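# Structural overview
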Amino acid sequence: MNSDVVLSMKNITITFPGVKALQNVDFTLRKGEIHALMGENGAGKSTLIKVLTGVYTRDSGEIVLDGKSINNRSPEEAQQNCISTVYQEVNLCPNLSVAENIFVGHQPKKYLSIDWKKMNDRAGEILNGVGLAHIDVTRTLGEYSVAIQQMVAIARAVNFNCKVLILDEPTSSLDDHEVINLFNVMRKLKEKGTGIIFVTHFLEQVYEVCDRITVLRNGELQGEFPIGELPRIKLVSTMLGHEFNELAAIRNNQQAETADSSKEEIIHAVGLSHAGTIKPFDLTINKGEVVGLTGLLGSGRSELARTLYSADKPDTGSLFFKNKKLKASEPIDSMRCGMAYLPEDRKEESIIADLSVRENMIIALQAKTGVFKLLPLAKQNELAEKYIKALNIKTPSPETLIKQLSGGNQQKVIIGRWLITHPDFLILDEPTRGIDVGTKTEIQKLVIQLAGEGMTIIFISSEIDEMLRTVNRLCVLRDGKKVGELKNDDLTQQDVMTAIAGGDNNGDK
């Protein structure tokens, strides 16, 4: 093994019921290297890390650390092998002091008791090394911001003299100044020879701090690249699995003409933002228009939609809905004004598994009318039957529990839930994820039909070809910022990927 290599993972394979999560994946980390591990949702990044840290047991493959074969059976064993992980959600103890969190389980002792002075002094020295000299190590960790807590987690890893440091989405909750501080610490650790695995969706940050990039897609290795040999646009195409000439845009001309001819504004956002997720943006959407939000996972697609719907309350800016300033403090206010929102996570945020199809379909309308105006059962049945037929939902009965339906039919039930409220503005976040091709096509046709009838729609999908078939206009997001719009002749695979990557076709990083 190359003396510069600190970690080598070869032919890693792991299978869950019905899913091959990783298939013969290789990953190599060198000493004093910051190595980005990238891929879209479901690519296998988290699974690979969990195999390395002993959370999952691999089916086959080999892991070699500093020339020695290892087989971590738990995160504790991984830490004993000098592999430390700092997660996006800090897994420390907020009720303990900063010093205790750094030394938990390894407190210096004096006469069989904790040597508090030695521990606090040593904690101060460690924090000084990661740019946190001003932190009072005797205060409880929970008194500090998430950014400080993450840096304390890194300090704890440094205290263990880790050879491999895994940073799993560490910058998602940090502001620009905090990101700069983190990168300075990462560079210091790199100089000391620590190998760092950096998991992130932010392209700008990858090109600012990383040396190499490994890309996964659908559990398979797509390649390992030196940072200087992988232009951003090539990185995006490698992650998404499309080459530029694969797809000619197939769009509905009638839909485009309908949207272009309408000048009635439905949505007009000015300087709207949400701290930590979306930077101030402007957006105007006309009646009957389907606007797509595109960008890599973590770009801010869902967060922008949530801000428009007041699921995340905006911190700055104004939102006008149908030419009136929207004063919505929570989603129910937006719904009563004529908005509807189908969130990305169907199982966690949409379906109520132990209720029937009928109950799931009428629940939004019931919330809109109020708990003191209960919908008669006959009306509920009439609405359920109408939309079961209109959406071609395959269910034995309206009284069938929704959890007994296929994923695609569950999705159509939730779409029916919102159509029952007769919204003027409908947000669909990944409405076709995880469902069969036939149902996907049905939903795409439905979106075009609804727009033709005058409904205004935001459509979010990770599949660019689906977006190109469905939308009139694409808003491109990158790192929480709206960076451009594409329409008409610019709605091509190549233009979309170029905009997402933030470069051009000539190899710009």
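Here is what the cut-offs are and how they apply
- Residues numbered from 1 in each chain as written.
- Predicted model: local features only at pLDDT ≥ 70, side-chain atom pairs only at ≥ 80, totals over all residues.
- Heavy atoms only, no water.
- Helix = DSSP H or I, 4+ residues; strand = E, 2+ residues; numbered from the N terminus.
- Rg over C-alpha atoms; globule rule 2.2 N^0.38 Å.
- Buried < 20%, exposed > 50% of the residue type's maximum accessible area, 1.4 Å probe, protein only.
- Areas by Shrake-Rupley, 256 points an atom, 1.4 Å probe, with all protein chains shown as cover.
- Phe/Tyr/Trp six-rings, centres within 6.5 Å; stacked < 30°, edge-to-face > 60°.
- 1 Å grid on protein atoms, 1.4 Å probe; cavity = no way out; pocket = protein on both sides within 12 Å on 5 of 7 lines; lining within 4 Å.
- Points joined across faces, edges and corners; volume = space filled by probe spheres on them.
- Nonpolar A, V, L, I, M, F, W, Y, C, P; charged D, E, K, R; others polar.
- pLDDT = per-residue confidence, 0-100.
- Contact = heavy atoms within 4.5 Å.
- Pairing = 2+ DSSP bridges.
- Axes fitted to C-alpha atoms, helices over the stretch in contact; angles between N-to-C directions.
- Parallel < 35°, antiparallel > 145°, perpendicular 65-115°, else oblique.
- Salt bridge = Lys/Arg side-chain N within 4 Å of Asp/Glu carboxyl O.
- Left-handed = near helix turned anticlockwise from the far one by under 90°.

Before going further, it helps to examine the overall build of the protein. When its secondary structure is counted, the protein shows 18 helices and 22 strands. Against the globule reference of 23 Å for 509 residues, the protein gives a C-alpha radius of gyration of 25 Å, in line with a compact fold. The 509 residues of the protein split such that 53% are buried. Split by element, the accessible area of the protein, about 22,700 Å² in all, is 48% carbon and sulfur.

In this section: the packing of aromatic side chains. For the coordinates displayed, the defined rule picks out three aromatic pairs. With a centroid separation of 5.1 Å and 75° between ring planes, the pair formed by F16 and Y56 is classed as edge-to-face. Highlighted residues: F16 in strand β1 (residues 5–16) and Y56 in the loop between α1 (45–52) and β4 (60–65), separated in sequence by 40 residues. By relative accessible area, which is 30% here, F16 ends up partly exposed. Residue classification places Y56 among the partly exposed residues on the basis of a relative accessible area of 27%. Centre to centre, the rings of Y309 and Y341 are 5.3 Å apart; their planes meet at 45°, and the pair counts as tilted. Remark: Y341 occurs in strand β18 (residues 339–342) and Y309 occurs in the loop between α10 (301–308) and β16 (316–321); sequence separation between them is 32 residues.

Counting across every chain of the model gives three cavities of 30 Å³ or more. Of the volumes computed, that of the largest cavity is approximately 50 Å³. In this structure, the largest cavity is lined by E40, L240, T294, G295, L296, R301, S461, S462, I464 and I500. Residue composition of the lining of the largest cavity, by class: four nonpolar, four polar and two charged.

To continue, consider the confidence of the model for the protein. Of all residues in the protein, 91% attain a pLDDT of 70 or more, and the chain-wide mean is 85. The model gives residues 243–261 a pLDDT under 50, and that stretch makes 35 contacts with residues more than four places away or in other chains. Under a pLDDT of 50 for its full length, residues 504–509 has, in the predicted model, 14 contacts with residues more than four places off or in other chains.

Turning to the environment of V164, a few remarks are in order. As for its position among the elements, V164 is in strand β9 (residues 164–168). Separated by 132 residues in sequence, V164 and G32 have C-alpha atoms that sit 9.6 Å apart. Setting aside anything within four residues of it in sequence, one finds V164 in contact with V6, L7, L29, L65, C82, I83, S84, G195 and I197.

Before going further, it helps to examine the sheet that holds β9. Within the open sheet, the six strands sit side by side as β6-β9-β10-β3-β11-β12. Their pairing is mixed. Looking at which strands have only one partner, the edges of the open sheet turn out to be β6 (83–86) and β12 (220–226). Adjacent strand axes in the sheet meet at a mean angle of 20° when their direction is disregarded. Inspection of the sheet shows β9 paired to strand β10 (residues 195–199) by five bridges, in the parallel sense. Within the sheet, the bridge partner assigned to L165 lies in β10 and is I196. Sitting on the sheet, helix α5 (residues 146–159) is in contact with β6 and β9, with an inclination near 175° to β6.

Here we take up the packing of α5 against helix α6 (residues 176–191). Two numbers describe how α5 lies on α6: the axes approach to 11 Å, and their chain directions differ by 5°. Relative to α6, α5 is oriented roughly parallel. Touching A147, M151, I154 and V158 of α5 are E178, N181, L182, V185 and L189, all from α6. Residues of the contact of α5 with α6, tallied by class, amount to seven nonpolar, one polar and one charged.

Under the definition given, this model contains 22 salt bridges. The partner of R139 in a salt bridge is E143, with the nearest N and O atoms 3.0 Å apart. Note that E430 and R301 form a salt bridge whose closest N and O atoms lie 3.9 Å from each other. Of this pair, E430 sits in the loop between β19 (425–429) and α16 (437–452) while R301 sits in helix α10, placing them 129 residues apart in sequence. Among the ionic contacts, a cluster of salt bridges with common partners joins R30, E33, R212 and E224.

Below, the discussion takes up the packing of helix α13 (residues 357–369) against helix α15 (residues 407–419). Remark: α13 packs on α15, axes separated minimally by 6 Å, with the N-to-C direction vectors making an angle of 35°. Crossing hand, α13 versus α15: right-handed. Across the interface between the two elements, V357, N360, M361, I363 and A364 of α13 pack against V413, I414, G416, R417 and W418 of α15.

Now for the sheet that holds strand β22 (residues 481–487). Across the sheet, six strands lie side by side as β18-β19-β20-β15-β21-β22; this open sheet has mixed pairing. Whereas interior strands pair on both sides, the edge strands pair on one side only; in this sheet they are β18 and β22. Averaged over all pairs of adjacent strands, the angle between strand axes in this sheet comes to 20°, irrespective of strand direction. In this sheet, β22 lies alongside strand β21 (residues 473–478) in antiparallel orientation, the contact comprising six bridges. By the bridge assignment, C475 is partnered in β22 with E485.

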